[in-house]
Each structure stands twice: as structure tokens, then as C-alpha cells.
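The primary structure of each chain is shown beneath.
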Amino acid sequence: MIKIRNMRQFSDSAWKQVILVCGASSIVILLLIIIFTLREGLPAFTEIGFFKFISGTTWKVANDDYGILSFIVGSIYVTALALVMSVPLGVFCAIFLAEVAPNWMRQIVRPAVELLVGIPSVVYGLVGLLLLVPQISKLGGSGDSILAAAIVLTVMVLPTIISVSEDSIRSVPRVYKEGSLALGATQWQTIWHVMLPAARSGILAAVVLGMGRAIGETMAMIMVIGNSIKIPVSPLDPARTMTGSLALEINYATGLHWNALFACGVVLLIFILALNSIAMVLRGRTQQ
Amino acid sequence: MRLSPPVTQKMAWAACWAAAFFAIAALLTIIIYVFARGVGEIGWAFLSTDPIGGLSGQGGIRSAIVGTIYIVVLTLAMAAPLGIGAGIYLAEYAGDNWFTRIVRWVIETLAGVPSIVFGLFGFALFVIALNLSFCILAGALTLACLVLPTIIRTTEEAIKAVPQGHREGSLALGATKWQTIRHVVLPAAMPGIVTAIILAIGRSVEETACLYVTMGGSANMPITPLDNGRTLSLHLFYLAMNTNAMEKALATGVMLIIIIVIINAITRWLSSRWMIRMQGRV
């Protein structure tokens, strides 16, 4: 009997060790990613200067001259344009799913939105390349443009915005809605003046999360944005995103070029970190 | 002019319906377009020959299918045990203190980091520093890092959703902590954990950016994981960017969409089963 109990205790503590090793090694790996990227990127910041690096407009590998302003502008331009289109669409869609839709319609829209999440980004890129780019080239330019990239992104971030906004609209206490309706407000007045303001933090979190997804998208952007290094002005201009530059150049980079690309990765990390923190604060506020 | 409330409401309803129709129309456009132009290419010859590679765009997708299977299996073999272990650790052993809060924050943040940043890391560490050169294994290692945060979070949530009473009952009967986890908590959390694994499979199939910079992208049939190779998503990307074989690219897209639809269906089925089970037990 004592022997059996010892066996049990042995296996108990052995398994605890195994779990501990798994937990610790995952955490070490994840920390390693951040430390590694920082370590490889820092030389570019010290050699070029942080401010000069992010405000420089030229990126010439031959001259060892690296400034990523055009990539930052490209990323932000595409993301902003995509949000201008996807936020109204997404929020109205969320209102529809939470408050307006008849049940049968909900059962069509939900799986459709779920499927949109799953479609690989290269498929979005391919459809953008074959369907959008030729149409946009009729407006001027080659068609590979910020506008094409923004439309592709609009569809890609829509599911994120819809699902997070819908959750926050649904979590508005019932009494708010009932109180407003009891005072004689119409259903829409209730949604617009009572429920949306109450769900504001959650909807903002949805927008911020969508922004994070948009800034991180890589392959679909490379396929439709034209990848030119010039700072874009019109939405019909080609451009390049931060992510796109990393993917296109890292495999043949050496020396300072290598460090500059990692530094660009660090800038990307900072963006994501800032956006995630904002989203976390906003979601925390919703839960209260 | 001010519109009367009923008129505003009608317009708002119209806007809501229009937004929902846009979402459905976008999905249908993508799927119908890809299937209409791509499905004609698919046949036994397409599935059973290797692509020629380079600028030609001719050939099928056999080596890309093998590459995809390699990537999915290797990624899961590495990420699933680690991720599930870490999830169990965080949910059952770690408690709540400053250290675990930082760990959770790191995991949460990494789940949102763009895949190309993982690609940079994987390229620098696995391809260059560990001298694996471009190969399927380097891609799978990178992808394992990418899906790890998601597996950890989903596992932890699934385990935390198991009612505390289950654990107390088991401990009260004299079971050790591990016996409780193994025979009571894990079976109850299993559908959630399986969902985490299936999500990771889906991610591995659709992921491109971090593999683009680590796998090499050779069109030849990979024999061992140390061979250079490509997945279906990568194959689609190379076809679209380097060749004129758009029908073949779309046909590859058809294969990808079919795989994703199957994965979605399995996830939905599992999570509905899980809901029933949890409701039945609580």
C-alpha cells in the first residue's frame, strides 16, 4: 500500500515537472523572439539614429542609406483607408446581427463572416490582383495601388470588427434598452443614442484590433500594392508597407541592411504593442 | 430639414441590411470567382504531378500538397505538446502573481504580432544561426512559434472553464493533483483543446508570410523535412507573382478554400458538442 502511494506521488511530481518544462520552454521561446528582434535591430538605431531612421525618406541598399518613412506612410495610408470603409460597414453589420436581423438572416451572415476569417490571405491577394487591379487601372496608374490594397484589407478586417463590436453591443445591459424604449424612443433612437454610446469602448477596441490586423498583413499587400519605395500621395499610387519590405528583402540582406530590416520589425512591434495595449484598456473598460 | 424618427429608422435599417449584404456579397464574389475560373484545372493530373517551378507555371500541385502536410504535421508535433503543457501549467499550477501576469501579457501580445516578424526571427535563428538553410523544418519551427500563443491561450481558457467542483470532488476522493488533471479536468476540457489544435492546423494551412522567408519555395518533391519546399499557399503566391498561370493559381485557391471549409465545419461541430456537454454537466 505504501509502495503504491509512493508510485502515485512519484508520478504526480514527475508530471508536474513535465508540465513545468513545457510551460517554461514556451515562455522562454516567446521571450526569445522579442529579445532576438530587438538585439538584431538595435545596431541600426545606434548607427543611423532612431529619429533619422523613422523619418528618412530614402531606402537605398546600394548606398547603405536606410529610412523607413515611405514604408510607415504606406502602412498607415492603407490601414486608414481600409478602416474608413470597414468601420461603418462592420459596425452596421454588428448592429444588424445584434439587434435587427431576423433569425434566418443571422444564420446566413454568421457562417459567412466566419468563413471570411478563414480564407487564406494569398487568396484575397489573388482575387484583388485579378478582379480589382484591372478595374482600378482604368482610373489611372497601373492599378497596383493603395486603393486596391485598402479594398482587399477592408474585407479582411471586416470579420474582426463585426465580431468584437457585436459582442460589445450585446453586452449592453438590457435595462438601458428597455428604459429608452419605455420613454417612447424608437428602436433606432435607442440603438443610436443609448446602446452605441454604452458600447463605445468595445467598438473602439474592435477598430483598434482591426487596425492591428491591417498593419500586420503581408502577402495580400505585396500582391496588389505595387511595392514601390516612393512616398505615396494619391490612393492610386503604388506604395510599400513595412511588412512587405521585410518579406521582400530579408532573404538577401547582410550587414546594416539586415539590421535595418530588423529595426523595421521593431517599429512594427512597437505599433502592435501600442495598439494591443489600447485595445486591452478599452476592453477592460467595457467589462466594468 | 430634420427627418422624422420613423424615417430615420427606416434608413438605418436599410443601412444595416446593406452592410450585411456587402459582407455576404464579398464572400460570394471571392468564392464564385475562384471556383468558376479555377475548378476546371482540377483533376487527377493536376493533383498528381509536381509543379515545374520558376517562371513556367506549368504542372500540378503534388509537391505543394506534400509540403503542406509536412508543415502541418511537424508544426503540430512541436507546438501542440508545448502549448498544451504551457496551458495546463498556467491554468492549474501557476496561480496569479506578477510573474504569471507578465507571462500572460507576453502571450497575449505575441498572439497579435504579424507573422512576418516571426518570419524574421525564424530566418535569423533557424535558417542562418542554426544553419538549417531554407527547408521545411525551418518553416515548421517558425510556424510552431507563431501558433504557440494561440494554443496556450485556448487551452488555458478551456481548462479554466471546467467547474471547480469537478476538481474538488476528485481531490476529496483521494486523487492526487495530477490524477485529477489527467482523469477529470483534461477529459472535460478536451473539446476545447481539440479546437485549439484544429485552429492551429487552419493557421498552418493559410499562413504564407513567415514560410515565404524560411521554407525556400522549391517546386521539387520534398523527401525529408530538411529539403527545400513550398506549401499550397506559397505555391499560389509564386504562381500569382512570377507566372501567367492564373488558372492554376485559382485552382490552388479552390483547394485551399475547400480545406478551410472542412476545418471550419469540424470546429463548429466540436464547439457545438462542447456547449451541449458543458451545459449538461453544470
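Residues numbered from 1 in each chain as written. Chains lettered and ligands numbered in written order. Predicted model: local features only at pLDDT ≥ 70, side-chain atom pairs only at ≥ 80, totals over all residues. Heavy atoms only, no water.

Colleague: Is there a simple way to explain the overall build of chain A in this structure?
Modeller: Within chain A one finds 12 helices and 2 strands. Counted from the first residue to the last, chain A has its helices and strands arranged as α-α-β-β-α-α-α-α-α-α-α-α-α-α. Rg of the C-alpha trace for chain A: 24 Å, well past the compact-globule value of 19 Å for 288 residues, more than 25% over. The burial tally for chain A puts 52% of its 288 residues in the buried class. In the structure as shown, chain A presents an accessible area of about 12,600 Å², 66% of it carried by carbon and sulfur atoms. For chain A, the centre of its 19 positive side-chain charges and the centre of its 14 negative side-chain charges are spaced 10 Å apart. (Helix = DSSP H or I, 4+ residues; strand = E, 2+ residues; numbered from the N terminus. Rg over C-alpha atoms; globule rule 2.2 N^0.38 Å. Buried < 20%, exposed > 50% of the residue type's maximum accessible area, 1.4 Å probe, protein only. Areas by Shrake-Rupley, 256 points an atom, 1.4 Å probe, with all protein chains shown as cover. Lys, Arg positive; Asp, Glu negative; His and termini not counted. Charge placed at Lys NZ, Arg CZ, Asp CG, Glu CD.)

Colleague: Would you mind showing me how to read the overall build of chain B here?
Modeller: In terms of helices and strands, chain B carries 11 helices and 0 strands. The linear arrangement of helices and strands in chain B, starting from the amino end, is α-α-α-α-α-α-α-α-α-α-α. The C-alpha extent of chain B, read off along each of the three principal axes, is 70 × 70 × 35 Å. Going through the 282 residues of chain B one by one, you find that 53% of them count as buried. Put simply, of all contacts in chain B between residues at least 6 apart along the chain, 73% involve residues at least 24 apart. Positive and negative side-chain charges in chain B, numbering 18 and 12 respectively, have mean positions lying 8 Å apart. (Contact = heavy atoms within 4.5 Å.)

Colleague: Even after reading the chapter, I still don't get unusual backbone geometry, so can you show me in this structure?
Modeller: Residue and element names in this part refer to chain B. Despite not being glycine, Asn131 has its phi angle at roughly 60°, a positive value. Position of Asn131 relative to the elements: it lies in the loop between helix 5 (115-129) and helix 6 (136-160). When its relative accessible area of 64% is taken as the criterion, Asn131 is described as exposed.

Colleague: Hey, could you run me through the side chain of Thr195 of chain B in this one?
Modeller: Residue and element names in this part refer to chain B. Summarising the element assignment, Thr195 is placed in helix 8 (residues 177-206). Accessibility expressed as a relative area gives 12% for Thr195, which makes it buried. Setting aside chain neighbours within four positions, we find Thr195 in contact with Thr267 and Leu270.

Colleague: Where do I start with the pattern of salt bridges in this structure?
Modeller: A pair can form between side chains of opposite charge whenever their charged atoms are brought close. Applying the stated criterion across every chain yields a total of 16 salt bridges over all chains. Between Arg167 of chain B and Glu92 of chain B there is a salt bridge; the shortest N-O distance is 2.7 Å. Of this pair, Arg167 of chain B sits in helix 7 (residues 164-172) while Glu92 of chain B sits in helix 3 (residues 62-93), and the two are 75 residues apart along the sequence. The buried category is assigned to Arg167 of chain B, whose relative accessible area is 9%. One salt bridge in this structure joins Glu108 of chain B and Arg153 of chain B, with 3.8 Å as the shortest N-O distance. Note that Glu108 of chain B is positioned in helix 4 (residues 98-111) and Arg153 of chain B in helix 6, a separation of 45 residues in sequence. Using a relative accessible area of 31% as the deciding quantity, one classes Glu108 of chain B as partly exposed. Ionic contacts of the salt-bridge type, sharing partners, join the residues Arg110, Glu166 and Arg170 of chain A into one network. (Salt bridge = Lys/Arg side-chain N within 4 Å of Asp/Glu carboxyl O.)

Colleague: I would appreciate a short explanation of the interface of chain B and chain A in the present structure.
Modeller: Quite often, the size of an interface is put as the accessible area lost when its parts meet. Each side of the interface is counted separately: chain B has 80 residues, and chain A has 76 residues. Here chain B packs against chain A, burying approximately 7,100 Å² in sum over the two surfaces, 84% of which is carbon and sulfur. Contact with chain A buries area across many residues of chain B, yet Leu120, Phe121 and Trp178 of chain B alone supply 9% of it, more than any other trio. Applying the counting rule to chain B against chain A returns 8 residue pairs in polar contact (both at pLDDT 80 or more). No other element matches the 22 residues that helix 1 (residues 5-38) of chain B contributes to the side of chain B that touches chain A. The residue makeup of the side of chain B that touches chain A, split by class, is 61 nonpolar, 14 polar and 5 charged. (Buried area = accessible area lost by both parts, 1.4 Å probe. Polar contact = N/O pair within 3.5 Å; in protein donor to acceptor, adjacent residues only side chain to side chain. Nonpolar A, V, L, I, M, F, W, Y, C, P; charged D, E, K, R; others polar.)

Colleague: Whenever I open this one, the packing of aromatic side chains confuses me. Can you help?
Modeller: Given two aromatic rings, their pairing is described by the distance between the two centres and the angle made by the two planes. Counted under the stated rule, the structure contains 20 aromatic pairs over all chains. Seen in terms of ring centroids, Trp188 of chain A and Trp192 of chain A are 5.5 Å apart; in terms of plane orientation they differ by 25°. Their pairing is stacked. In this pair, Trp188 of chain A and Trp192 of chain A are both assigned in helix 8 (residues 187-198), 4 residues apart and thus about one turn of the helix distant. One aromatic cluster in this structure is built from Phe92, Trp188 and Trp192 of chain A together with Trp13 of chain B. Between the NZ or CZ atom of Arg39 of chain A and the centre of the ring of Phe36 of chain A, over which it lies, the distance is 5.4 Å. Of note, Lys177 of chain B hangs over the ring of Tyr93 of chain B, and the distance from its end group to the ring centre comes to 5.1 Å. (Phe/Tyr/Trp six-rings, centres within 6.5 Å; stacked < 30°, edge-to-face > 60°. Lys NZ or Arg CZ within 6 Å of the ring centre and 35° of its normal.)

Colleague: What is the right way to read the side chain of Thr267 of chain B from this model?
Modeller: Positionally, Thr267 of chain B belongs in helix 11 (residues 246-281). For Thr267 of chain B, a relative accessible area of 14% gives the class buried.

Colleague: Any chance you could explain a nonpolar patch on the surface here in plain terms?
Modeller: Where nonpolar side chains cluster on the molecular surface, the patch consists of Leu273 and Met280 of chain A together with Trp105 of chain B and spans about 250 Å² of accessible area. Take Leu273 of chain A: its relative accessible area is 35%, and that puts it in the partly exposed class. (Patch = residues over 30% accessible without salt bridge, like charges linked within 9 Å, V, L, I, M, F, W, Y side chains within 5 Å.)

Colleague: Would you mind going over the packing of helix 5 (residues 121-137) of chain A against helix 6 (residues 146-170) of chain A with me for this structure?
Modeller: Helices that pack against each other are described as a pair by the angle of their axes relative to one another and the distance between those axes. Residue and element names in this part refer to chain A. As a packed pair, helix 5 and helix 6 sit with axes 9 Å apart at the nearest point and diverge in direction by 140°. When the interaxial angle is binned, helix 5 and helix 6 end up oblique. Between helix 5 and helix 6 the crossing geometry is right-handed. In this structure, helix 5 uses Ser121, Tyr124, Gly128, Leu132, Val133 and Ile136 to contact helix 6, whose residues at the interface are Leu147, Ala148, Ile151, Val152, Val155 and Met156. Its residues assigned to classes, the contact of helix 5 with helix 6 shows 10 nonpolar, 2 polar and no charged. (Axes fitted to C-alpha atoms, helices over the stretch in contact; angles between N-to-C directions. Parallel < 35°, antiparallel > 145°, perpendicular 65-115°, else oblique. Left-handed = near helix turned anticlockwise from the far one by under 90°.)

Colleague: It is not clear to me how the environment of Leu132 of chain A should be interpreted in this structure. Could you clarify?
Modeller: Residues and elements named next belong to chain A. Within the element layout of this structure, Leu132 appears in helix 5. Each C-alpha atom, one on Leu132 and one on Ile151, is 8.4 Å from the other, the two residues being 19 residues apart in sequence. Non-local contacts of Leu132, meaning those with residues more than four positions away in its chain, are made with Val127, Ala148, Ile151 and Val152.

Colleague: Explanation requested: the nonpolar core in the structure shown.
Modeller: Most often, soluble globular proteins keep nonpolar side chains buried together rather than apart. Of all hydrophobic cores here, the largest spans 186 residues; its most connected members are Phe53, Ile95, Val123, Leu126 and Ile169 of chain A. Not counting chain neighbours up to four residues away, the residues in contact with Leu126 of chain A comprise Met223 of chain A together with Leu236, Ala240, Met246, Ala249 and Leu250 of chain B. (Core = buried A, V, L, I, M, F, W, Y, C linked by side-chain atoms within 4.5 Å.)

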